[in-house]
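Coordinates in review
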Amino acid sequence: GQQVMQIPQYQHVQEGEDFTTYCNSSTTLSNIQWYKQRPGGHPVFLIQLVKSGEVKKQKRLTFQFGEAKKNSSLHITATQTTDVGTYFCAGPGNNDMRFGAGTRLTVKP
Amino acid sequence: DAGITQSPRHKVTETGTPVTLRCHQTENHRYMYWYRQDPGHGLRLIHYSYGVKDTDKGEVSDGYSVSRSKTEDFLLTLESATSSQTSVYFCAISEDGGDTDTQYFGPGTRLTVL
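Residues numbered from 1 in each chain as written. Chains lettered and ligands numbered in written order. Predicted model: local features only at pLDDT ≥ 70, side-chain atom pairs only at ≥ 80, totals over all residues. Heavy atoms only, no water.

Adjacent strands of a sheet pair through backbone hydrogen bonds, lying either parallel or antiparallel. All names here are of chain A. The sheet built from 5 strands is open, its strands ordered β1-β3-β8-β7-β6 with antiparallel pairing. Where the open sheet ends on each side, the last strands, each with one partner, are β1 (4-7) and β6 (55-58). The sheet shows a mean angle of 15° between the axes of neighbouring strands, direction not considered. As defined by bridge partners, β6 adjoins strand β7 (residues 61-65) across 4 bridges and the pair is classed as antiparallel. What sits directly across from Val-55, in β7, is Gln-64. (Pairing = 2+ DSSP bridges. Helix = DSSP H or I, 4+ residues; strand = E, 2+ residues; numbered from the N terminus. Axes fitted to C-alpha atoms, helices over the stretch in contact; angles between N-to-C directions.)

And the structure:
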């Protein structure tokens, strides 16, 4: 079945450094979604990418969808302590959403 | 945040006992989901519902059953809890279950099976 793989599993950065998490699917996706989960919280929807090669920005966050629609990335510029949490990508499966294992980001002030 | 509540929020139980977790929504969304979250595995789908009395299995459904008698409520039952079912359980909802539909998550239930 379709799998969504995400790397790295953990990332620790100094505040002000950049951060990137990568997502790869075993199959072509119609779209990809990104979610953020703060420590002790629940996943919250961030954004959806639909078009091949699409790039979207939310302030310091840049999301990309690959040309083949099988991979995606989330890049955070100049991380802040408010960015800590786990970032998940997710792609549609058969009547469900398949989530990557997530990248847990910690930021040292 | 979407109107989703889960109860209980925390539960400790013993192996072999039955456990029921409840998810309640006030959004009138058609689809409801139960996920479990474990370190290194992300969110894995247990069961989902696409309407009242309409449910289907997810990726990790063994040992779990669900019921949906009303649009707003989705129950997850562990008939005989095992230690491997210790996890954080999230309920989620979506409007129509389509490929581009967004999922909204409840606050989660932390279940410990001793």
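The rest of the description comes next.
What follows covers the interface of chain A and chain B. At the interface, 19 residues of chain A touch 19 residues of chain B. In this assembly, chain A packs against chain B so that about 1,700 Å² is buried in total across both faces, 53% of it on carbon and sulfur atoms. Ranking the residues of chain A by area buried against chain B places His42(A), Asn95(A) and Phe99(A) at the top, with a combined share of 30%. The interface formed by chain A and chain B holds 0 salt bridges in total. At the junction of chain A and chain B, the tally comes to 3 residue pairs in polar contact (both at pLDDT 80 or more). Of all the secondary structure elements, the ones that give two or more residues to the side of chain A that touches chain B are β4 (32-37), β5 (44-49), β9 (85-92) and β10 (97-99) of chain A. In terms of residue count, the dominant contributor to the side of chain A that touches chain B is β4(A) (3 residues). Its residues placed into classes, the side of chain A that touches chain B shows 8 nonpolar, 10 polar and 1 charged. (Contact = heavy atoms within 4.5 Å. Buried area = accessible area lost by both parts, 1.4 Å probe. Salt bridge = Lys/Arg side-chain N within 4 Å of Asp/Glu carboxyl O. Polar contact = N/O pair within 3.5 Å; in protein donor to acceptor, adjacent residues only side chain to side chain. Nonpolar A, V, L, I, M, F, W, Y, C, P; charged D, E, K, R; others polar.)

Purely spatial values, then, with no claim about function.
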